[in-house]
Amino acid sequence: MPKRVLEGVVVSDKGDKTVVVVVQRTLLHPVLKKIVRLSKKYHAHDEANALKVGDQARIVECAPKSKLKRWEVLSDSSASAS
């Protein structure tokens, strides 16, 4: 089964080797028939501490690394952000 890849914006880089990424998605509300924007925060492992607040990040699923971290930063996104 392929691993999920999400794209979002880094909102926190305070943790060591950890970034918090907000991923926004849109959907059509089933009753109101309006476009609704939903966002969710993901804690992701950033081995090189390369990403800073405001950077675009691509994250991919991985095995649990800590209590909250189940995602890791794709290496190509950290290279393009620098």
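Residues numbered from 1 in each chain as written. Predicted model: local features only at pLDDT ≥ 70, side-chain atom pairs only at ≥ 80, totals over all residues. Heavy atoms only, no water.

Here we take up the confidence of the model for the protein chain. When pLDDT is averaged along the protein chain, the result is 92, and 93% of the positions lie at 70 or above. Put simply, helix α1 (residues 75-81) is where the protein chain has its lowest mean pLDDT, 58, and strand β3 (residues 35-45) is where it has its highest, 98. (pLDDT = per-residue confidence, 0-100. Helix = DSSP H or I, 4+ residues; strand = E, 2+ residues; numbered from the N terminus.)

Another aspect to go through is the sheet that holds strand β4 (residues 56-61). Pairing between sheet strands relies on hydrogen bonds along the backbone, with the strands arranged either parallel or antiparallel. With respect to topology, 5 strands assemble into a closed barrel ordered β1-β2-β3-β5-β4, the strand pairing being mixed. Put simply, the sheet's adjacent strands are angled 50° from each other on average, direction ignored. As defined by bridge partners, strand β1 (residues 5-12) adjoins β4 across 5 bridges and the pair is classed as antiparallel. Of the residues in β4, the one forming a bridge with E7 is R58. (Pairing = 2+ DSSP bridges. Axes fitted to C-alpha atoms, helices over the stretch in contact; angles between N-to-C directions.)

Turning our attention to the environment of V21. Relative to the helices and strands, V21 resides in strand β2 (residues 18-28). Taking relative accessible area as the criterion, V21 reaches 0% and is therefore assigned buried. Between the C-alpha atoms of V21 and G8, which are 13 residues apart in sequence, the distance is 5.8 Å. Here V21 is in contact with G8, V9, V10, K40, K41, Y42, A57 and I59, once residues within four sequence places are set aside. (Buried < 20%, exposed > 50% of the residue type's maximum accessible area, 1.4 Å probe, protein only. Contact = heavy atoms within 4.5 Å.)

Judged by nonpolar contacts, V10, V19, V21, V23, Y42, A44, L51, A57, I59, W71 and V73 together constitute the single largest core of 11 residues. Broken down by secondary-structure element, the contributors of at least two residues to this core are β2, β3, β4 and β5 (71-73). In terms of residues, this core owes the most to one element, β2, which gives 3 residues. Look past the residues within four positions of V10 in its chain and what remains in contact with it is V19, V20, V21, L51, K52, V53, G54, D55 and A57. (Core = buried A, V, L, I, M, F, W, Y, C linked by side-chain atoms within 4.5 Å.)

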